[in-house]
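Observations on chain architecture
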Amino acid sequence: MQNKDDISKKPLTPAMEDYLEAIFNLGKEKRVVRVKDIAKRLGVKMPTVTSMLKALSKRELIDYEKYEYLELTKKGIDVGKEIHRRHHILRSFLTDILNIDFKKADEEACKMEHAVSASTLDRFIEFMEFIQFCPRVGLDWLKYFDEYRLHGQEPDKCLARMKEFADGFKVRIKTMKEVRGEK
């Protein structure tokens, strides 16, 4: 028989992560989390939930007694929060950057959140920040993404946009120099 240390060292399955995320989100929405709430959220039967709760309890991710409410442990909260963060970031990337329908993006983010490492997720965040805040690309650049997807590369349009960007950037540099008192 495995001891708790052996169990807690095994990686969580995607299903376990889904349960932890559901419990985490339900805990933010309701005063108490019940088996039937989880079953409804995940679209599974209550005995299936009970079985998973036993497994999560063995890993010390939840405090659960049969027929009682359940709570995430500190460790469970940390894991649930991280899974929720991954889901939110990936869904934002899919909706805000790739313009994928929210419902489809939510489903895809759920699949992706289990496979993406923390370092890759951090790179997603950096990329999103770059294209939203970097003077070179900003939000105008995102407007052309759908056009690119529909028509492919159009060098003349790209060249015109690059020239427009370069001209605007020169003006910004000149303005910044004037503010700093430089020539």
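Counting restarts for each chain, with residues numbered from 1 along the sequence as it is written. Where local features are concerned, this predicted model is filtered to residues with pLDDT of at least 70; where side-chain atom pairs are given and counted, the filter is 80 or more; whole-chain, interface and lining totals use all residues. The side-chain numbers reported here are obtained from all heavy atoms of the structure, hydrogens and water having been left aside.

This part is about helix 3 (residues 35-42). Taken together, the buried positions of helix 3 are Val35, Asp37, Ile38 and Ala39. Looking one or two places after helix 3, you find glycine 43, whose phi comes out positive at around 70°. Throughout this description, buried means an accessible area under 20% of the type-specific maximum (1.4 Å probe, protein chains only), exposed means over 50%, and partly exposed covers the range between. Strands here are runs of E lasting at least two residues and helices are runs of H or I lasting at least four, both read from the DSSP assignment and numbered beginning at the N terminus.

Contact pair helix 5 (residues 74-97) / helix 6 (residues 102-112): the axes reach a minimum separation of 8 Å and the direction vectors enclose 135°. By the angle between their directions, the pair helix 5 and helix 6 is classed as oblique. The element helix 5 and its partner helix 6 pack so that their crossing is right-handed. Contact residues: His87, Leu90, Arg91, Leu94 and Thr95 in helix 5; Phe102, Ala105, Asp106, Glu108, Ala109, Cys110 and Met112 in helix 6. In this analysis an axis means a line fitted to C-alpha atoms, helices contributing only their contacting stretch, and an angle means the value between N-to-C directions, from 0 to 180 degrees. Under this scheme an angle from 65 to 115 degrees is roughly perpendicular, one under 35 degrees roughly parallel, and one over 145 degrees roughly antiparallel; angles in between are oblique. Less than a right angle of anticlockwise turn of the near helix away from the far helix marks a crossing as left-handed, whereas a clockwise turn marks it as right-handed. It only takes one pair of heavy atoms within 4.5 Å for two residues to be counted as in contact.

Salt bridges, as used here, are contacts in which a Lys or Arg side-chain nitrogen is within 4 Å of a carboxyl oxygen on Asp or Glu. This structure, assessed with the given rule, holds 11 salt bridges. In this structure, the salt-bridge partner of arginine 41 is glutamate 29, at a minimum N-O distance of 2.5 Å. In this pair, arginine 41 sits in helix 3 while glutamate 29 sits in helix 2 (residues 14-29), placing the two residues 12 residues apart along the sequence. A single network of salt bridges, built from pairs that share partners, joins Glu82, Arg85, Arg86 and Asp122.

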